[in-house]
Each structure stands twice: as structure tokens, then as C-alpha cells.
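Geometric and topological summary
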Amino acid sequence: MQDPADKGYQLGVDVGGTFTDVYVLTPHGQTVRAKVPTTIPDQSIGIQQGIAKARELLTKHFGWSGTFQFIHHGTTTATNAVLEGKGARTALIVTAGHKDILALRRSQIPGGLGAWLHWTPPDPIVPLERVVQCKERMSVQGETVTAVDVEDLRQSLKELARQKPEAIAISLLNSHSNEAHERVVAQTVREELGANIAIICSTDVLREVGEYERTVTTCTNTLVKPVVEKYLHNLSKALEAESEAIRVLKSDGGLTSLTLASELPVNILMSGPAGGVKGVADVVARSTPYKNLITLDMGGTSTDCALIYNGQPQLRRETIVESLSVRAPAVDIKTVGAGGGSIATYMELTETLRVGPESAGAAPGPASYGKGGKKPTVTDANLVLGYLPKTLLGGEFALDVQAAINAVEDIANQMKLPVIQTAEDIITIINETMYGALRLVSVEQGYDPREFALVAFGGAGPLHANAVGQLLGAWPVIIPPSPGILCAQGDVTTKLRHEQSATFIRIVSETSVIEAREQYQMLEQECRDTLSRTAGDLWPLSWKTAYEADLRYKGQALMLTIQITDKDLALTTGKWHDVLRQKFDQQHQQMFTYCLPDFELELMRLGVVLEDASLGVDIPEVAKGSIAPSDAKIGEQNIIVQGEKDWRPCGIVRRLASMVFK
């Protein structure tokens, strides 16, 4: 088994909405980068094309043609299955009387006061007609109150079979305390519906209190599982000659095995964006004095924003994909429909210009791509203003300047404005959209953006960095080396990580530290057992253990997650209570500007996180310098700067060093 720090050829691959990025780190510290269009019908084809392109460069420059030490992959397969409604035809089995659990949701309504007047709830992830009620009841203490009525369940399943479900989710009341009833139901489903149907129990996905959260998370996992399983199986077959170690990036910025990703695909819903945040943490926070960072990852279809505090990406125990929210750990990322492919539209009724969230995607793409797109996009506006060169990808991808002008001119004529002013308006609107997302991860989380640097990356992020940084007040603006493939670079540096958690409802003042230690030890052992069962010898030998606890004021619904250390668990019970109170109050004060020191605290969940303790992958640092060498200049073109009427000449240089704009 190889340690990640061993000097092999290490590969990261990230699939975006428009391009697939490949990053290779060689044993001698050199890097090879490749970028190819994403193949929407089958992402694995684009991945193979990207790796083939990288191999050509490796052979040409280093004479190397062996196998990679590992391949780390960030994917949007699970996300797309949810967004496009292309997951498995899923049914749900619940405790009798709880059929409407997915429709009722929680009581929070998005928006301001009175938002319920105009808010239309999204459709449940599993329609009501495919929800089966099972007569049974388990107490909150895990004791059987009413046994499973197997015969009644069989009759219900016979009716369900007519709808031809492809996967079954099982989420029974209080099953987090005792899984026995779910196992009986799963066996009955198998007997009635056959061996080919996927069956997922909530206790295998989320063994925590919170019936709605547990149910929606289990249903989402069930919905995407067949799609992700098929994709990862085909990918492993296609890449088996490339490397023996293929791993998938999770939403929390850690890695997992193909087996675990297939079993729990709900944990990889935000796989792609997490790689970019991890890349920023490794490349910028580790190599510069700036440890507090706000990230701006602008791609072809969307922009992802996140916050890094003291060099660590901020995590939360919730993953959000559009209107769907599931209980799965993830980097705290806010996404808006603002990308290079975002389409500009003139709304004649209101006489306003709208940019996004509709995107031209990879096909047909912006008008300037020359693939049949006619609608003006952000990329076309940037090209019209001179902010983009006429060719991308080292000259391999030519842009059609006249097509971009024609597209923007079409909407300019509708608005009765000059083409240049219209292009600038498109850029201004998209900048404001991204500014709103950046405030969500900073100001609304209790952080002052003026105390953070802004890191811009992705295919389009650096184009908008200074303008957005000025709006936000975050300074300096940092553009890391190779910003267009930073997500793939982050995949290379990411470490293996696995989490196990369980409900633990106790009043803090009535809980001993010994009791908590015993629960943590049990969860840690479950973590290790799962890893050894699913990953074999591809996992490291040593692990770093971290502990988490969810706390709330007694009687409230809101919970905050705090980090617990080994030193905390070695304290006496009284001092441990003080530490919990101190950490909870500090976090509550930060987020809500107040705390209630006399209110009783309640423990709700304990969690253990195991992370690879081996040495990390070192990304080579580039030489410092703000002035490019004369031989880096590869051309010159005219640009428009911030509303100026006249064009200014501007040099085009090949990026050679890290750049910080102040």
C-alpha cells in the first residue's frame, strides 16, 4: 500500500458543467494540466479524453507512460440526478399515520415575513402515491410497542408493485433507537418484490433523531444510488488500467472509496465544488499569510462561494441542492446560477435586463463557442469588452468574436442601448448576483468580509474578482496559479475521511464525561470496521480522530455543532461541562450576537470523524513576483475599463507566477 506522500504520479479530475479538468503532480514536483469539454450524456468519456490528453503531455515532457499512484475524482453525477429528476423510480415505506412526512417538511418558510403567501412548496422527492404505510410502532427508547404487521405489509407491497418501483426507501418512526423493525420490513420487501430492487434502510444512512431529516436523506440516497452505482462501476472499468486506487471526493471535502460512495451517494452531492475549496485551503492558506479566505468559484453554469477560517473550510451538517436539503456533512457552500454560460434576457414587460440562472451549458454553449448558440451570455459579454483573448486552452479553443458581438447586439437593440454599454450591464448584474452569495457565507454567518481575502478561481472567477472584491470589501483579491483547474488540484491534495454519528439525547448537566467517552469509542470502532470492510488495503494504516457534538438550548429546535478534542474528553465531568458551555456560547454569540448563559444545554448527537493521518501531498510553490517576464507576453488587445468610452491597449501574458492584486 502506498502512502499519499510517496513520489508517484498523482492525478485529480474534476467534472464541471462545461469543462472537465485534469491535474497531474509528478514525483519531481512538476505539474501537468489538461482541460477538455465535458461530455454530458456520459461524463466518463470526457474523463478518459482528459486523461489521454494529460498522458500525451507526460510522455512528451517526461517520457512516462506508467500507472498513476491514485486517481481522485470530483463528480456531479449525484447532483445532476437530483436536479434533472433522472434518479431511480423510488418508493417509501413509513410508519402508519406518517404518510405525509415528505410533504409536511419543517415549518420554516424561505423569505421574509409573510413569505408563505406566495411560496409554492416544491414537490416531495417521493410522490405520495408511492408512499406505503406500515402498521408498526417502536418507542423512542427502542422498545417494540406494536410489532410489524407483515401480512398487511405484503398486501400493500402487491399494490405498490403495479407502479414498478426501482428502489425502496424504508424510514420508520424511532428506528434510530432500534433498527429491528426496518430489517423485518426490508426482508418482506425482498421477498415480495425480488432480488433486483434496491432497498435502503434509514438506519444505514442516518442513525439520528429527526424523522423528516432522516426520511428525506434516506429517500435522496435511494433515489441516486442506482445512478451513482452504475456510473462508478463503469468509471472503474474504464480506468482500471490507469490506477488501482480510484477514490471519490465527498461533499465535506474528504475522500471515500468507490464502494462507500456507491452505498452512500448522498454524501457526494456536492463533490465537485468541495474540491475547489479544499484546493484553496491547501494552495493559498498553507502557502501565504492569508488564513481567512472567501472563495469565489465561477464556472460555466454556476458560482460556488465558501468561507475558510483559520485555514479550515467551514463545514455544516446539511447539504443543499436547490430546494432539497438533506442531513449530510458538507463544506458550507452557497451556489447561485451565475456562470460564464448564464444567458442574458431582456424582459420586455418590465423593461429590465436579467442574467441567469438559465445557462447555455456546454452544448450549445455561448454564442462565441461556435456550436450553434445564439443567446448572449456572460462569456460573450466578456469577449465583447476585450476581457477574454480570442483563443483559450493554449490556442486549442478559438472563440468567435463576431458571433459574441452579434448576440449582445441583438439584446442591445431591444434595449435601445449601445453594444458596449449592454455588455457592461450584463457584467454588472452578474457581479451583483455573486456578491449576494458571498454575503450569505460571510455576513449572514457572523463574519466581517473586510477581515478576509477573496480568492477567485474557476474558468471565469478571475475575470470578475476585483469588481466583486470591491463590492464585498474583501481585500486583497488573490488569484492562485492555474485557477481554471484548481478543483482538480484540490482533488489531488484531499485526504481520506469517514464519519459515524448517532443520536445521544442527554441534559449536559446530567451527563458524565465517561458516558460520552464510551459512546465515542463505540462510534470510532464502527468507523474503523466500515473502512476495513469497504476499502481493503487501499486505505492508510494510521488515522487522526476528531470528535463532534450537537448541542442546543433545552426545548429549542436549533442545534449547533462544536468540536471536541482528546484533551476535553480527559477532563473531569465538571470541567467538561464548562468546556461544552464555553464552546457553545462562543459559537452562538458569533452567529446570533447573543447567548443565554443560564439556560440548560442539551446534547443531541455525538459524532466521530476519522481522517488519513499520513503526510499530505505537497503542491509545488511558484516563484513570487508581480511583474511577468518579458518572454511571457504573448499578445495584445484592446479592452474597455469600468465605463470608459475609449478602448485601452492591454497586454496578454502567459501566467507563470502567483498574483496578488492590491
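Residues numbered from 1 in each chain as written. Predicted model: local features only at pLDDT ≥ 70, side-chain atom pairs only at ≥ 80, totals over all residues. Heavy atoms only, no water.

Per the stated rule, a full pass over the model turns up eight aromatic pairs. Summarising the aromatic geometry, the rings of Tyr-309 and Phe-452 are spaced 6.4 Å apart at their centres and angled 35 degrees between planes, so their arrangement reads as tilted. Within this pair, whereas Tyr-309 is found in strand E14 (residues 303-309), its partner Phe-452 is found in the loop between helix H12 (419-441) and strand E25 (453-457), the two being separated by 143 residues in sequence. When its relative accessible area of 33% is taken as the criterion, Tyr-309 is described as partly exposed. Taken together, the ring pairs in this structure connect Tyr-9, Trp-64 and Phe-68 into an aromatic cluster. The ring of Phe-504 has Arg-506 sitting right over it, with the charged end atom 4.2 Å from the ring centre. (Phe/Tyr/Trp six-rings, centres within 6.5 Å; stacked < 30°, edge-to-face > 60°. Helix = DSSP H or I, 4+ residues; strand = E, 2+ residues; numbered from the N terminus. Buried < 20%, exposed > 50% of the residue type's maximum accessible area, 1.4 Å probe, protein only. Lys NZ or Arg CZ within 6 Å of the ring centre and 35° of its normal.)

Before going further, it helps to spend a moment on the sheet that holds strand E30 (residues 601-612). Strand order in the open sheet made by the four strands is E27-E30-E28-E29, with antiparallel pairing throughout. Since the sheet does not close on itself, it has two edges, and those belong to strand E27 (497-507) and strand E29 (560-564), each with one partner. Direction aside, the axes of adjacent strands within the sheet are offset by 25 degrees on average. Here strand E28 (residues 543-553) runs beside E30; their pairing, made up of 11 bridges, is antiparallel. Bridge assignment links Arg-552 to a residue of E30, and that residue is Glu-602. In the packing of helix H17 (residues 573-592) onto the sheet, the strands contacted are E28, E29 and E30, and the crossing angle to E29 comes to about 135 degrees. (Pairing = 2+ DSSP bridges. Axes fitted to C-alpha atoms, helices over the stretch in contact; angles between N-to-C directions. Contact = heavy atoms within 4.5 Å.)

To continue, consider the confidence of the model for the chain. Scored by pLDDT, the chain comes out at a mean of 87, with 93% of its residues at no less than 70. pLDDT under 50 marks residues 1-5. Its contacts with residues more than four places away, or in other chains, come to 18 contacts. Considering only residues more than four positions removed or in separate chains, one finds that residues 657-662, a stretch of pLDDT under 50, has 21 contacts. (pLDDT = per-residue confidence, 0-100.)

Below, the discussion takes up the nonpolar core. With 99 residues, the main nonpolar core has Val-24, Phe-68, Tyr-520 and Ile-564 as its most contacted residues. Considering every element that reaches this core, the biggest residue donor is helix H7 (residues 211-239), with 10 residues. Of all hydrophobic cores here, the second largest spans 44 residues; its members include Leu-296, Cys-305, Val-441 and Tyr-447. (Core = buried A, V, L, I, M, F, W, Y, C linked by side-chain atoms within 4.5 Å.)

For E14, the tally of buried residues reaches six of seven residues, placing the bulk of the element in the interior. Relative to E14, strand E13 (residues 293-298) runs antiparallel, the two being bridged by six bridges. If you follow Met-298 over to E14, its bridge partner there is Thr-303. Note: E14 against strand E15 (residues 312-313), two bridges, orientation antiparallel. What sits directly across from Ile-308, in E15, is Pro-313.

This next bit is on helix H5 (residues 180-193). Since the α-helix turns once every 3.6 residues, residues separated by three or four places project in the same direction. Relative to the 20 Å expected for 14 residues at 1.5 Å per residue, H5 spans 20 Å between its end C-alpha atoms, a close match to the ideal helical length. By the burial criterion, the buried members of H5 are His-181, Glu-182, Val-185, Ala-186, Thr-188 and Val-189. Within H5, the buried residues cover an arc of 165 degrees as seen down the axis, which keeps them to one side. (Expected span 1.5 Å × (residues − 1). Arc of directions from axis to C-beta.)

Within this structure, the stated rule accounts for 32 salt bridges. Of the charged contacts, one joins Asp-252 and Lys-250 as a salt bridge, the two residues approaching to 3.5 Å between their closest N and O atoms. With respect to class, Asp-252 is no different from Lys-250; both count as buried. Linked through salt bridges whose partners overlap, the residues forming this network are Glu-208, Arg-317, Arg-327, Glu-499, Glu-548, Asp-550 and Arg-605. (Salt bridge = Lys/Arg side-chain N within 4 Å of Asp/Glu carboxyl O.)

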